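This is what each chain is made of:
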Amino acid sequence: MATRSRPDLVPALEGVTVVFHCASPAPSSNNKELFYRVNYTGTKAVIQACKEAGVQKVVLTSSASVVFEGTDVKDGTEDLPYAKKPIDYYTETKILQEKEVLGANNPDENFLTVAIRPHGIFGPRDPQLVPILVETARKGKMKFIIGDGKNLVDFTYVENVVHGHILAAESLHKNSPVCGKAYHITNDEPVPFWEFLSRVLVGLDYEPPRYRLPYLLVYYLALLLSLLALLLKPFIAFKPTFTPMRVALAGTHHYYSCKRAKEDMGYRPLVSLDQAIERTVQSYPQLRRAE
Ligand SMILES: NC(=O)C1=CN([C@@H]2O[C@H](COP(=O)(O)OP(=O)(O)OC[C@H]3O[C@@H](n4cnc5c(N)ncnc54)[C@H](O)[C@@H]3O)[C@@H](O)[C@H]2O)C=CC1
Ligand SMILES: CC(C)CCC[C@@H](C)[C@H]1CC[C@H]2C3=C(CC[C@]12C)[C@@]1(C)CCC(=O)C[C@@H]1CC3
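Residues numbered from 1 in each chain as written. Chains lettered and ligands numbered in written order. Predicted model: local features only at pLDDT ≥ 70, side-chain atom pairs only at ≥ 80, totals over all residues. Heavy atoms only, no water.

## Describing the UniProt feature "domain: 3-beta hydroxysteroid dehydrogenase/isomerase" (unreviewed entry) in the protein chain
Rules: UniProt positions are given in the numbering used here, feature names are shortened, and annotations may be inferred rather than shown by experiment. Going along the chain from the N terminus, every DSSP run of H or I of four or more residues is numbered as a helix, and every run of E of two or more is numbered as a strand.
Sites flagged by UniProt as "domain: 3-beta hydroxysteroid dehydrogenase/isomerase" (unreviewed entry) map to residues 5-214. With 38% helix and 18% strand, residues 5-214 has its two end C-alpha atoms placed 46 Å apart.

Laid out in structure tokens, this is it:
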């Protein structure tokens, strides 16, 4: 359901027991006002509508990036504080959204909420990760490794993300430890960022990135480019491929512990990273490099 209007939401939610709130503009939209309208005020409207319609459970698709400030996170737990300086408006509003949903948890009024925090979702026909990667490769911009190439990252197969959501919904009942809490849901197989990207690229017949560039150099260049894009916005519209957020994601460690999800809701990833990459690559025949 892609709406933010409470009067539209209420009738659609009558008779519903569980709402999975997954809506968010894509991070690449880079539209501050839209992020606030959908992720923050839109989420408030969803919560209000759920209460009015008598919905009892809300499962939010949050993001592990709510704790990411552009520096290393290794085996991060849910006890890490929210990012004090969120790296972009997407992250800033995902934090506000998660706080709204978890703050609305109220077992006394039979209104139970939980937040799932996946990281780097990918899977067959997803319009974001693989298409952006292939477009960058086709423009000849995927030749470089940012940093030393050893940074470990979580990429999460969509079926595992869905499994986490279903387990969370099933575990949401009065006196359950999951009420009002956030849970990391990943493939639980951190992988070097550049190895993951290279496996996808090679699977689609593109060359893997080879040449190393210093992380800080690329980060500050990306920052400069994004400032330029902002200043020139009234005259020309251009969208840099290498945003500070993407460079930070590409050059730092950021992987998260699923221990809490395993203990509280019996989470285990259903699909391994190897199977997941294989299935994903097979789903994009149109993105293969032409002979
Ligand atoms: N793609 C990723 O790596 C990660 C995504 N997430 C979260 O997962 C959720 C699903 O995102 P994805 O699968 O990436 O993208 P998606 O494009 O599959 O899903 C986004 C949903 O938001 C809705 N939406 C977008 N703009 C809207 C608007 N203006 N008003 C109302 N609804 C709107 C869309 O209709 C769509 O159903 C989001 O909440 C996102 O923040 C969390 C962690 C990682
Ligand atoms: C241009 C290259 C340096 C990077 C190309 C790959 C990227 C398109 C993706 C690699 C990690 C991805 C990721 C997200 C979006 C796509 C990537 C940057 C998220 C920002 C999506 C929303 C989230 O909640 C967190 C994700 C982290 C990983």
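## Focus on the site of ligand 2
Counted only if it meets this: Residue proximity to a molecule or strand is established when one non-hydrogen atom of the residue lies within 4 Å of it. Any pair of N or O atoms that falls within 3.5 Å is considered a polar contact. Within protein, one atom must be able to donate a hydrogen and the other to accept it, and sequence-neighbouring residues count only if both atoms are side-chain atoms. Accessible surface area values rest on a Shrake-Rupley calculation with a 1.4 Å probe, where residue burial reflects the displayed protein chains alone. Lys, Arg, Asp and Glu make up the charged group, whereas Ala, Val, Leu, Ile, Met, Phe, Trp, Tyr, Cys and Pro make up the nonpolar group; the residues left over, Gly among them, are polar.
Close contacts around ligand 2 come from 13 residues, with Pro27, Ser63, Tyr90, Ile132 and Phe242 the closest. Ser63 has a polar side-chain atom sitting 2.7 Å from an oxygen atom of ligand 2. Between ligand 2 and the protein, one listed contact pairs an oxygen atom with a side-chain N or O atom of Tyr90 at 2.6 Å. Within the complex, 92% of the 600 Å² of free accessible area of ligand 2 lies under protein. Taken together, the residues of the shell around ligand 2 break down into eight nonpolar, four polar and one charged.

## Quick word on the side chain of His253
Rules: Each residue's exposure class comes from its accessible area (1.4 Å probe, protein chains only) as a fraction of the maximum for that residue type: buried when under 20%, exposed when over 50%, partly exposed otherwise. Residue contacts are defined here by distance: any two heavy atoms, one from each residue, within 4.5 Å place the two residues in contact.
Structurally, His253 can be placed in the loop between α8 (244-251) and β12 (254-256). Residue class for His253 comes out buried when judged on its relative accessible area of 18%. At 3.0 Å, the side chain of His253 forms a polar contact with the backbone nitrogen of Leu152. With sequence-adjacent residues up to four places away left out, His253 is seen in contact with Thr71, Asp72, Val73, Lys74, Lys150, Asn151 and Leu152.

## Digging into the packing of aromatic side chains
This is how the line gets drawn: Side-chain rings of Phe, Tyr and Trp (the six-membered ring for Trp) are treated as a pair once their centres are within 6.5 Å; stacked means planes under 30 degrees apart, edge-to-face means over 60, and tilted covers the remaining angles.
This structure, assessed with the given rule, holds nine aromatic pairs. Ring centres 5.8 Å apart and planes at 65° place the aromatic pair Phe122 and Tyr157 in the edge-to-face group. Of this pair, Phe122 sits in strand β5 (residues 121-122) while Tyr157 sits in strand β8 (residues 156-157), and the two are 35 residues apart along the sequence. As far as burial versus exposure is concerned, Phe122 and Tyr157 are alike and both buried. Judged by centre distance (5.8 Å) and plane angle (40°), the rings of Phe155 and Phe193 are tilted. Residue Phe155 is located in the loop between β7 (152-153) and β8, and its partner Phe193 is located in helix α6 (residues 193-203); the two are separated by 38 residues in the primary sequence. As far as the burial class goes, Phe155 and Phe193 line up, both buried.

## Details of the nonpolar core
The following threshold applies: Among buried residues, the Ala, Val, Leu, Ile, Met, Phe, Trp, Tyr and Cys ones that are joined through side-chain atoms within 4.5 Å form a nonpolar core.
Of all hydrophobic cores here, the largest spans 44 residues; its most connected members are Phe122, Phe155, Trp194, Phe196, Leu197 and Leu204. For this core, the elements supplying multiple residues, two or more each, are α4 (129-138), β6 (144-146), α6, α7 (215-231), α8 and α10 (273-282). The element best represented in this core is α6, accounting for six residues. Among all residues touching Phe122, those that are not within four sequence positions of it are Leu129, Phe155, Thr156, Tyr157, Val158, Phe196, Leu273, Ala276, Ile277 and Thr280. Counting residues in each nonpolar core, the second largest holds 18 residues, with Leu13, Ala49, Val101 and Leu102 among its members.

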